[in-house]
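# Coordinate inspection notes
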Amino acid sequence: MAGAGAVSAMALFFLVTLSASQLVSSLRPGVGLSTCRASGYLPGRSGNCEKSNDPDCCEDGKMYPQYRCSPPVTASTKAVLTLNSFEKGKDGGGPSECDNAYHSDEEKVVALSTGWFSNMARCGHQIKISANGNSVYAKVVDECDSVHGCDDEHNFEPPCDNNIVDASPAVWDALGLDQNLGMVDITWSE
């Protein structure tokens, strides 16, 4: 009988250890439900890429990751701010998805990566963007498409990464950022 008790104690110890290691691994960044991995790859196709804000333009045959998700939104969501013009004929491509309109570079407007855009659920929302000790509110007017790209509608630019807040020059100016940087680490919240 002592052998059966030892086996039971060993089994219980094993289960507790396994459960604890699963819990710890699920709390690590990038593991578990908060993971957002590429859902596929888009073959690049070059074309007439309007270069007013020095965008990355697609290259023929290069494979670009596609994302249908974004990291979870928190009270201070980490993201990368990129520069985009929402004016007609500039690097933003077509009219904004939320209102089917173009927006002046003087307006504080943004496009969010596909997962954060959430099928237009954030259209018209004001989000708070913070960088370098400064903050500004900007209106969500478009999606920074993380799935499609390398076509005329997307200015022959690749799909956005899954953590992008694509902002007008007015947002960059309000944050006191140098537009020549092209991308800056930020946080944002609703």
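All values derive from a computational prediction rather than experimental measurement.

Below, the discussion takes up the overall build of the protein chain. If you tally the helices and strands in the protein chain, you get three helices and eight strands. Taken across its 190 residues, the protein chain has 38% of its residues classed as buried. Taking as baseline every contact in the protein chain between residues at least 6 positions apart, the subset at least 24 positions apart corresponds to 71%. Carbon and sulfur atoms form 53% of the exposed surface of the protein chain, whose accessible area is close to 10,700 Å².

All right, on to the pairing of strand 4 (residues 109–113) then. Counting buried residues in strand 4 gives five out of five residues, a clear majority hidden from the surface. As paired elements, strand 4 and strand 6 (residues 134–144) share five bridges and run parallel to each other. Counted as the bridge partner of Val110 is Val140 from strand 6. Where strand 4 lies against strand 7 (residues 164–167), three bridges are found, and the strand directions are antiparallel. For Ala111, the partnering residue across the bridge sits in strand 7 and is Asp166.

This next bit is on the nonpolar core. One finds Leu81, Val110, Leu112, Ile129 and Val165 to be the most contacted residues of the largest nonpolar core, which totals 22 residues. Of all the secondary structure elements, the ones that give two or more residues to this core are strand 3 (77–83), strand 4, helix 2 (114–117), strand 5 (126–131), strand 6, strand 7, helix 3 (169–174) and strand 8 (183–189). Sequence-distant contacts of Leu81, defined by excluding residues within four places in its chain, comprise Ile129, Val165, Ala167, Trp172, Leu175, Leu177, Gly182, Met183, Val184 and Ile186. By size, the runner-up hydrophobic cluster in this structure holds eight residues, among which are Val109, Ala111, Cys160 and Ile164.

It is worth spelling out the state of the cysteines at this point. In total, this model carries five disulfides according to the counting rule given. Covalently, Cys36 is tied to Cys69 through a disulfide, its sulfur atoms 1.9 Å apart. On the S-S bond that ties Cys36 to Cys69, the torsion sits near 95°, and the link is right-handed. Placement of the pair is Cys36 in the loop between helix 1 (2–27) and strand 1 (40–43) and Cys69 in the loop between strand 2 (63–66) and strand 3, with a sequence separation of 33 residues. Covalent S-S linkage joins Cys49 and Cys57, the inter-sulfur distance amounting to 2.1 Å. Disulfide Cys49 to Cys57: torsion about the S-S bond roughly -75°, handedness left-handed.

For the rest of this paragraph, the subject is the sheet that holds strand 4. An order of 3-7-4-6-5-8 is seen for the six strands of this closed barrel, with the pairing classed as mixed. Ignoring which end each strand starts from, the neighbouring axes of this sheet average 45° apart.

Once that is clear, we can look at the pairing of strand 2. Only one face of strand 2 is covered, namely the face carrying Tyr64 and Gln66; the face carrying Met63 and Pro65 is uncovered. Pairing analysis gives four bridges linking strand 1 to strand 2, with the strands arranged antiparallel. In the sheet register, Leu42 faces strand 2, and the bridge partner there is Tyr64.

This brings us to the pattern of salt bridges. Oppositely charged side chains are able to pair whenever their charged atoms sit close together. Within this structure, the stated rule accounts for one salt bridge. Notably, a salt bridge pairs Glu190 with Arg122, separated by 3.0 Å at the nearest N-O pair. In this pair, Glu190 is assigned in the segment after strand 8 and Arg122 in the loop between helix 2 and strand 5, connecting sequence segments 68 residues apart.

This part takes up the packing of aromatic side chains. Working definition: an aromatic ring pair is given by the centre-to-centre distance plus the angle between the planes. Applying the stated criterion across every chain yields a total of one aromatic pair. Pairing Trp116 with Trp188 gives two aromatic rings, centres 5.3 Å apart and planes at 70°, and the pair type is edge-to-face. With Trp116 in helix 2 and Trp188 in strand 8, this residue pair connects regions lying 72 residues apart in the sequence. Here Trp116 matches Trp188 in class, with each residue buried.

Analysis parameters
Residues numbered from 1 in each chain as written. Predicted model: local features only at pLDDT ≥ 70, side-chain atom pairs only at ≥ 80, totals over all residues. Heavy atoms only, no water. Helix = DSSP H or I, 4+ residues; strand = E, 2+ residues; numbered from the N terminus. Buried < 20%, exposed > 50% of the residue type's maximum accessible area, 1.4 Å probe, protein only. Contact = heavy atoms within 4.5 Å. Areas by Shrake-Rupley, 256 points an atom, 1.4 Å probe, with all protein chains shown as cover. Pairing = 2+ DSSP bridges. Core = buried A, V, L, I, M, F, W, Y, C linked by side-chain atoms within 4.5 Å. Disulfide = S-S within 2.5 Å. Axes fitted to C-alpha atoms, helices over the stretch in contact; angles between N-to-C directions. Salt bridge = Lys/Arg side-chain N within 4 Å of Asp/Glu carboxyl O. Phe/Tyr/Trp six-rings, centres within 6.5 Å; stacked < 30°, edge-to-face > 60°.

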